[in-house]
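Listed below are the residues making up each chain.
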Amino acid sequence: MDSVLLLTGGIIGAGVFLTPKDIAGVLHTPAWFIGIWAVGGAIVMFGCLAFAELGAMFPEAGGPYIYLREAYGSFIAFLYGWMVLTVYNSGGIAALAVGFGEYFAPTVKLDGMAPLLVIGPWMLTCAQVLGVLCVAGLTAINVYGLRRGAILQDISSWMKFAAIGIFLVLGIFSSKGSWAHFSHTAYQPQPLDLRTLGPALGVALIAVFWGYDSWTYIGWVAGEVKEPKRNIPRSLVISILVVGGIYVLMNVLYVYAMPIAEIAQHETIAKAAAERLFSPGAGIWISAMIALSSFGATSAAILAGGRVYYAMATDGLFFQRMGVVHPKWRTPAFSLIVAGVFPTNDSFR
């Protein structure tokens, strides 16, 4: 269960709340708009099946770093780990943390984009400060013990599921939506020729894959998964099925709330859908739900990311101290701190 909650909590960030605009802009029918999430989930499942086998073969911290090391040698593995540190995980954590700040700020009556400090062309906003506090707090919790980090991840994931579940149930039973939005009269049918449909699917899948990103986390923490040969494959398959089901239902709700053409005009579709289905005041609750979702995804990224740097350090490819397990807390403390410092820098930028 911890593994499933780590994956689902890490995968469901802000993607499903922000990407529908881009997808609706290129796929103009409800069938394609909703179905592309199932297609993307099926493609991701193929990757999960490959990683499930690799994770069971090499149940060590580092995931893809270990697989690349075994297949192609230390140099290629080092490049992957360096990319994770400087771009992939650090940039992802920063984006999620600042996203948390932007959506959390309105719930406490703050303006996330309000400048707190301006020095020449550089500006520090309220959302950035909240994002940095989020990263610092989550890093500290994960440093002080894997169990503490896992418990926090479990709680945030269950709260996320509860919030999304309430939104789905109340939204579907709202009388302010319309099932007529799914009919042919509500949109201009898209020509089904490969010249236009192929590129549209490609663009849409970019957004969809971002929504499914982070399923590699279980490989990163494989060294601390109990019974990895059983639990890594199970958690991957269960998590993608759960996330895919949630994504499809969320997009069904979006179409129920408004036509495809209108979805393509809203940057924060979940907030717009809530205001349409409930009341203008419901937007604040959706902001809180997105903030909670981003918080949980940030927690998962920090917990998992430090394990990659730890694996590199134990191989002698990174600073030796990053490969040391803290004698009291039994965590790769220095690696986790580094995993928090890089995103903090990115958040300020």
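Computed from a predicted model, the values in this text were never measured in an experiment.

Participant: Could you give an account of the overall build of the protein chain, with specific residues and numbers?
Facilitator: Helix and strand counts for the protein chain come out as 15 helices and two strands. Over its C-alpha atoms the protein chain spans a radius of gyration of 21 Å, differing by no more than 12% from the 20 Å that the globule rule assigns to 349 residues. Its C-alpha atoms put the protein chain at 65 × 45 × 40 Å along the principal axes. When burial is assessed residue by residue, the protein chain has 52% of its 349 residues classed as buried. Here the protein chain displays about 15,400 Å² of accessible surface, and carbon together with sulfur accounts for 70% of that area. For the protein chain, the separation between the mean place of its 19 positive charges and that of its 17 negative charges on side chains is 7 Å.

Participant: Can you break down the environment of Trp-215 residue by residue, with the values?
Facilitator: Position of Trp-215 among the secondary structure elements: in the loop between α9 (194–212) and α10 (217–220). The class of Trp-215 is buried, set by a relative accessible area of 15%. With 164 residues separating them along the chain, Trp-215 and Phe-51 place their C-alpha atoms 9.5 Å apart. Among all residues touching Trp-215, those that are not within four sequence positions of it are Leu-7, Ile-11, Val-44, Gly-47, Cys-48, Phe-51, Leu-236 and Ile-240.

Participant: Requested: an account of a nonpolar patch on the surface, with residues and values cited.
Facilitator: Judged by side-chain polarity, Val-39, Ile-43, Phe-46, Leu-49 and Phe-209 come together as a nonpolar surface patch covering roughly 450 Å² of accessible area. Looking at which element gives the most residues to the nonpolar patch, the answer is helix α4 (residues 30–57), with four residues. Within the secondary structure, Ile-43 is located in helix α4.

Participant: Hey, could you go over the pattern of salt bridges for me, with residue numbers and the actual values?
Facilitator: Evaluation of the coordinates by the stated rule reveals eight salt bridges. As a salt-bridge pair, Asp-2 and Arg-147 come within 3.2 Å of each other at their nearest N and O atoms. Taken together, the residues span a long stretch of sequence, with Asp-2 in helix α1 (residues 2–11) and Arg-147 in helix α8 (residues 146–172) at a distance of 145 residues. You can call Arg-147 partly exposed: its relative accessible area is 46%. A salt bridge links Arg-230 to Glu-227, with the nearest nitrogen and oxygen atoms 3.8 Å apart.

Participant: Before we move on, could you go through the environment of Ala-31 and cite the residues and values that matter?
Facilitator: By the secondary structure assignment, Ala-31 is in helix α4. Given the relative accessible area of 60%, Ala-31 is considered exposed. Distance from Ala-31 to Val-252, taken between C-alpha atoms, is 9.6 Å for residues 221 residues apart in sequence.

Participant: Describe the nonpolar core, with residues and values.
Facilitator: With 94 residues, the main nonpolar core has Phe-17, Ile-23, Ile-36, Tyr-247, Met-250, Tyr-254 and Ile-263 as its most contacted residues. When residues of this core are assigned to their parent elements, the largest contribution, 14 residues, is made by helix α14 (residues 283–314). Once you skip the residues sitting within four places of it in the chain, Ile-36 turns out to touch Ile-23, Leu-27, Leu-201, Ala-204, Leu-205 and Val-208.

Participant: So what's going on with the pairing of strand β1 (residues 115–119)? Which residues, and what values?
Facilitator: For β1, a buried count of zero out of five residues is recorded, marking the element as mostly open to its surroundings. As paired elements, β1 and strand β2 (residues 122–125) share four bridges and run antiparallel to each other. The residue bridging Val-118 from the neighbouring strand is Met-123, located in β2.

Participant: Just give me the short version of the side chain of Thr-331, but keep the residues and values in it.
Facilitator: Residue position: Thr-331 is located in the loop between α14 and α15 (333–348). Owing to a relative accessible area of 0%, Thr-331 belongs among the buried residues under this scheme. Look past the residues within four positions of Thr-331 in its chain and what remains in contact with it is Asn-142, Val-143, Gly-145, Leu-146, Val-324, Val-325, His-326 and Leu-336.

Participant: Tell me about the packing of aromatic side chains, and please be specific about residues and values.
Facilitator: Counted under the stated rule, the structure contains 18 aromatic pairs. The interplanar angle of 85° and the centroid separation of 5.5 Å between the aromatic rings of Phe-51 and Tyr-67 together place this pair among those described as edge-to-face. Of the two residues, Phe-51 is situated in helix α4 and Tyr-67 in helix α5 (residues 64–72); the sequence distance between them amounts to 16 residues. Their ring planes at 75° and their centres at 5.9 Å tell us that Trp-82 and Phe-318 sit as a pair that is edge-to-face. With Trp-82 in helix α6 (residues 74–104) and Phe-318 in the loop between α14 and α15, this pair connects stretches of sequence that are 236 residues apart. Look at Phe-318 and you get buried, because its relative accessible area is 11%. Grouped by ring-pair contacts, the aromatic residues Phe-51, Phe-58, Tyr-67 and Trp-215 constitute a single cluster.

Calculation notes
- Residues numbered from 1 in each chain as written.
- Predicted model: local features only at pLDDT ≥ 70, side-chain atom pairs only at ≥ 80, totals over all residues.
- Heavy atoms only, no water.
- Helix = DSSP H or I, 4+ residues; strand = E, 2+ residues; numbered from the N terminus.
- Rg over C-alpha atoms; globule rule 2.2 N^0.38 Å.
- Buried < 20%, exposed > 50% of the residue type's maximum accessible area, 1.4 Å probe, protein only.
- Areas by Shrake-Rupley, 256 points an atom, 1.4 Å probe, with all protein chains shown as cover.
- Lys, Arg positive; Asp, Glu negative; His and termini not counted.
- Charge placed at Lys NZ, Arg CZ, Asp CG, Glu CD.
- Contact = heavy atoms within 4.5 Å.
- Patch = residues over 30% accessible without salt bridge, like charges linked within 9 Å, V, L, I, M, F, W, Y side chains within 5 Å.
- Salt bridge = Lys/Arg side-chain N within 4 Å of Asp/Glu carboxyl O.
- Core = buried A, V, L, I, M, F, W, Y, C linked by side-chain atoms within 4.5 Å.
- Pairing = 2+ DSSP bridges.
- Phe/Tyr/Trp six-rings, centres within 6.5 Å; stacked < 30°, edge-to-face > 60°.

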